[in-house]
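# Chains, contacts and geometry: an overview
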Amino acid sequence: MKKLIFFFFLPCIFIFNNPCYSQLGKLKDLKKKAENATEKVGVSTNDKNDSEGSYTSSSESSSSDSNILPVMQKEEKLENEPDVEVDYAGYVKFKSALAKKLLAGKTEILAGINSRNYYNYAYDMQYEKTCTILKERGIKDAKEDHYNQVLNLREQYPEIIETNLKPYIDEKIDEVYQGYANQSFETIANLKSVTLLADAILLIEPENETAQKLKEKVNRTWKTIEWEHRINPFTTPFHTRNAGKILFSDQPIVYGSEDPDQFKTEFTANDNIYGMVYMAGTVYEGPAYGTAIYRIDADNGASTMLIKFLHNEEEIDYTYYPIDIIPDPDHAIHSLDPVEWADKLSKLSPGTHHLKITYDDMAEGVLNLDWSDVNSDELKSNAKLAAENAGKNYASGKQLPDAFRQPSGKYKDPDLQEANLKKLMLNKWSNCQEIVKLVIEQNTDDDYLVYDTDAGLPSYKVTRADCHAVYKGKDGWCYYVKDISFSKNYQGGGIWGPAFIDFERAHIKIDCENVK
């Protein structure tokens with residue numbers, strides 16, 4: 001494990017004017033880096049930027065972190081849940097398969113199922129609702145062993161909690177604290193993993209005392225790790241009044257410039273529909289830690305539909321979130337939203353429908369749809385066009401973050417002068433034609449924080465102050481990149497190697513006219 005040689009970590013935590021604070025602030029960076037190590041299975045990405053600034057709406061990925069689970073293989077997806085009204089036997093079989101996955105506990109996790117999948121199994125089980133349906137309908141044409149497997153889950157699950165899941169979570173929390181003390185970027189990934197497991201357990205056994213204590217322990221750990229100042233989620237008076245709500249309008253909703261009269265709950269099939277989620281915390285603080293879920297409960301529980309996706313990296317600290325339900329293609333900013341919503345809404349029959357929409361259990365809202373004149377083909381065609389336009393619309397409305405409006409500092413190292421930094425960026429970023437803006441964070445300390453080996457010898461050094469850059473791409477768009485850090489490797493004999501870009505955030509497309 002690499003150690004810091006300039007300071008001991010823990011005493012610096014609450015000394016905010018200490019020179020080491022700027023590096024401690026990189027715990028936030030550790031969270032971001034941990035996103036690359038955290039499980040991302042079975043969900044799509046909402047408007048994810050790739051290196052060329054394009055947007056994708058249907059990518060599925062499986063990634064691993066060897067510090068979370070010894071084996072991390074993508075689990076073969078279960079069949080889609082059968083309609084209980086059409087295929088009751090298939091519905092029971094599907095729920096039985098979920099029950100078996102949940103009962104496998106730690107054994108199944110170590111066999112290759114990550115905590116994200118385990119949480120999804122528990123969520124998809126919808127245990128209370130499922131048991132109610134089974135008890136009302138009886139066995140009928142379902143297999144008896146499938147039927148009993150579901151109903152007996154709660155009788156068998158406490159033993160799995162005590163013998164498998166609790167020891168596993170306790171062990172991982174110990175590793176979290178060890179990683180925290182050593183500034184390991186796996187810390188947040190580990191904590192996310194056990195959070196998902198603790199939440200999964202409570203979905204099945206909400207009244208179980210051990211399950212409740214595990215969740216409390218996870219929450220205490222989060223409070224310890226997340227010591228840095230959190231932003232105030234209520235950034236406007238309108239937000240303060242509506243925290244925890246999703247509001248809807250037939251006009252695009254501009255956060256911070258909302259007109260209270262624009263919001264409504266009654267819509268027809270001929271209306272555009274936009275939503276805005278007003279949270280009492282950040283996207284990052286959502287229950288699934290990175291995976292967003294729109295839950296659509298239609299007609300007082302007659303049917304439930306889910307839309308799952310991953311947030312863009314830049315959205316992690318957002319305290320609000322816009323939704324494109326049926327957007328005007330010229331105003332759509334999400335590539336996934338309109339397509340997914342059109343697919344779900346097209347399943348509603350002509351007539352009037354009441355929808356309760358929940359975002360990650362952090363906010364909810366209701367709307368009523370007069371679906372008498374619905375044209376499903378037109379709805380889907382509009383959604384496809386909106387998705388195609390989303391990337392351009394999103395970039396055109398983008399503004400540079402506040403970090404780019406701060407006075408720029410300078411590095412002392414001659415290798416890190418502006419001309420050399422631009423050269424490093426031009427060489428690394430294939431789409432980069434010209435660096436148009438460069439901002440270096442102010443820093444009064446030495447340029448670098450040095451890391452040594454276990455033997456106490458220098459290993460490498462990383463810049464304390466981050467750099468932010470805007471470049472013009474070869475495609476004619478501009479892109480901004482935040483929190484760039486530079487490193488040098490130690491070559492021995494007091495000689496350090498050449499500087500290179502050690503870390504950078506996503507490249508975010510932006511209209512060049514908005515770069516000021």
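Cut-offs and rules
Residue positions are given per chain, counting from 1 as you read along its sequence in written order. Owing to the predicted nature of the model, reporting of local features is limited to residues with pLDDT of at least 70; listing and counting of side-chain atom pairs is limited to 80 or more, with chain, interface and lining totals taken over all residues. Hydrogens and water are ignored here; the side-chain numbers use all heavy atoms of the structure. Cysteine sulfur atoms are paired as a disulfide whenever they fall within 2.5 Å. Put simply, DSSP H or I for four residues or longer makes a helix, DSSP E for two residues or longer makes a strand, and each gets a number counted from the N terminus. Only protein chains enter the accessibility calculation, which uses a 1.4 Å probe; a residue whose area is less than 20% of its type maximum is buried, one above 50% is exposed, and one in between is partly exposed. Each aromatic pair joins two rings of Phe, Tyr and Trp (for Trp, the six-membered one) with centres within 6.5 Å, and gets the label stacked for planes under 30 degrees apart, edge-to-face for over 60, and tilted for any other angle. We define the nonpolar core as a collection of buried residues of types Ala, Val, Leu, Ile, Met, Phe, Trp, Tyr and Cys that are connected through side-chain atoms lying within 4.5 Å of one another. Whether two residues touch is decided by their heavy atoms; if any such pair falls within 4.5 Å, the residues are in contact.

## What to know about the state of the cysteines
Disulfide: a covalent bond formed between the sulfur atoms of two cysteine residues. With the rule as written, the count across this model stands at 1 disulfide. The disulfide partner of Cys478 is Cys512, and the S-S distance across this bridge is 2.1 Å. Taking the sign of the S-S torsion, 105 degrees for the link of Cys478 and Cys512, the bridge is right-handed. Of this pair, Cys478 sits in strand 17 (residues 478-492) while Cys512 sits in the segment after strand 20 (508-510), placing them 34 residues apart in sequence. Relative accessible area serves as the criterion here: at 26%, Cys512 is assigned to the partly exposed category.

## Quick notes on the packing of aromatic side chains
Tallied over the entire structure, the rule returns 17 aromatic pairs. Measuring from centroid to centroid gives 5.5 Å for Phe238 and Phe263, while their planes differ by 20 degrees, and the two rings are stacked. Separated by 25 residues along the polypeptide, Phe238 in helix 11 (residues 237-242) and Phe263 in the loop between strand 5 (245-249) and strand 6 (266-268) bring together distant segments of the chain. What makes Phe238 buried here is its relative accessible area of 11%. On the basis of relative accessibility, which here comes to 16%, the residue Phe263 falls in the buried class. Look at Tyr294 and Tyr359: their rings are 6.1 Å apart centre to centre, the planes differ by 50 degrees, and that puts the pair in the tilted class. Of this pair, Tyr294 sits in strand 8 (residues 291-298) while Tyr359 sits in strand 11 (residues 352-359), placing them 65 residues apart in sequence.

## Focus: the nonpolar core
Counting 46 residues, the largest nonpolar core has Leu102, Leu153 and Tyr157 as its most contacted members. Elements that contribute at least two residues to this core include exactly helix 3 (88-103), helix 5 (115-125), helix 6 (127-137), helix 7 (144-151), helix 8 (153-181), helix 9 (186-204) and helix 10 (209-225). Per-element tally for this core: the top contributor is helix 8, with 9 residues. When residues no more than four places from it in sequence are discounted, the contact partners of Leu153 are Ala99, Leu102, Leu103, Met125, Tyr127 and Ile204. Among the nonpolar cores identified, the runner-up in size contains 34 residues, and Ile273, Ile296, Phe309 and Ala363 belong to it.

Function cannot be inferred from these measures alone, as they are strictly geometric.
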